[in-house]
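Below are the chains, spelled out letter by letter.
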Amino acid sequence: MSSWQRIKNILIGAGLMIVALILSIFPNMSANLITTIICLALVLYGVRMLWFYTTMARHMVGGKAILYRSLIILDLAIFTAGLSGMSSFVIMIYLLGIYGFNGAISVLRALEAKRFGARAWKGRLVNGIIALIFTVTLLCFGLIAGTTELLIYGYSISLFYSAVMRIIAAFRKTAIVYIQ
């Protein structure tokens, strides 16, 4: 990881911490703010992948997969923007579903890394399991309590945890392969 990437990850982590703090301070307005943030992030990521496809990936093997992935992400952004008119409880359940899906993907990627003999699969596995347990716990407590404030506080905790993990990853040493 270059020094610019390290600085960028630290700044993104600090920004996520600030957003998590704002969400926990103003839980009444947070559902629409969360929807807006997720929608903008998905649009920017989809446009970035589409730009990558048009500039480079169309000449690569498997480049169409990047095109399809970018179109799916842009469709998901449009769907998320359409959710802003719904109740905040539905929005929070949707976002927890995304967070749980991300945790499941982390677990599957860690198991794949273990199968291929990579060294850093344990941290990814622990992060994925923590995300899944946290999602299920928040979902159960949110359905029992019937309020979105608990879900918003849980989402801000998960956002804060993600920011801390991003900052820790920025300070971790990068393995360098020397060819002799």
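Keep in mind it's a predicted model, so treat the numbers as computed, not measured.

The next subject is the nonpolar core. The biggest cluster of nonpolar side chains holds 23 residues, and the ones touching the most others in it are I34, I38, M92, L95 and Y155. When residues of this core are traced back to their parent elements, those giving at least two are α1 (3–25), α2 (30–55), α3 (63–82), α4 (88–115) and α6 (148–171). Excluding residues within four positions of it along the chain, I34 makes contact with L23, M92, L95 and Y155.

Bringing α4 into the picture now. Because each turn of an α-helix spans 3.6 residues, side chains separated by three or four positions in sequence point in the same direction. Its 28 residues give α4 an end-to-end C-alpha distance of 41 Å, which sits within 8% of 40 Å, the value for a rise of 1.5 Å per residue. Residues of α4 that are buried include every one of I91, M92, Y94, L95, L96, Y99, G100, G103, S106, V107, A110 and A113, and no others. Looking at the residues trailing α4, positive phi occurs at G117, about 85°.

With that settled, the discussion passes to α2. When the terminal C-alpha atoms of α2 are compared, their 37 Å separation across 26 residues agrees well with the 38 Å that a helix rising 1.5 Å per residue should span. Among the residues making up α2, those that are buried are S30, A31, I34, T35, I38, C39, L42, G46, M49 and Y53. In this structure, the buried side of α2 is in contact with α1, α3, α4 and α6.

Here we take up the layout of surface pockets. In this structure, the largest pocket encloses a volume near 2600 Å³. Around the largest pocket sit 43 residues that line it, and L16, N102, S106, S162 and R166 are the ones nearest its centre. Mapped onto the lining of the largest pocket, the elements with two or more residues apiece are α1, α2, α3, α4, α5 (121–145) and α6. For the lining of the largest pocket, a count of residues per class yields 27 nonpolar, 9 polar and 7 charged.

Criteria and thresholds
Residues numbered from 1 in each chain as written. Predicted model: local features only at pLDDT ≥ 70, side-chain atom pairs only at ≥ 80, totals over all residues. Heavy atoms only, no water. Core = buried A, V, L, I, M, F, W, Y, C linked by side-chain atoms within 4.5 Å. Buried < 20%, exposed > 50% of the residue type's maximum accessible area, 1.4 Å probe, protein only. Helix = DSSP H or I, 4+ residues; strand = E, 2+ residues; numbered from the N terminus. Contact = heavy atoms within 4.5 Å. Expected span 1.5 Å × (residues − 1). 1 Å grid on protein atoms, 1.4 Å probe; cavity = no way out; pocket = protein on both sides within 12 Å on 5 of 7 lines; lining within 4 Å. Points joined across faces, edges and corners; volume = space filled by probe spheres on them. Nonpolar A, V, L, I, M, F, W, Y, C, P; charged D, E, K, R; others polar.

The values reported here are purely geometric and, on their own, carry no functional implication.
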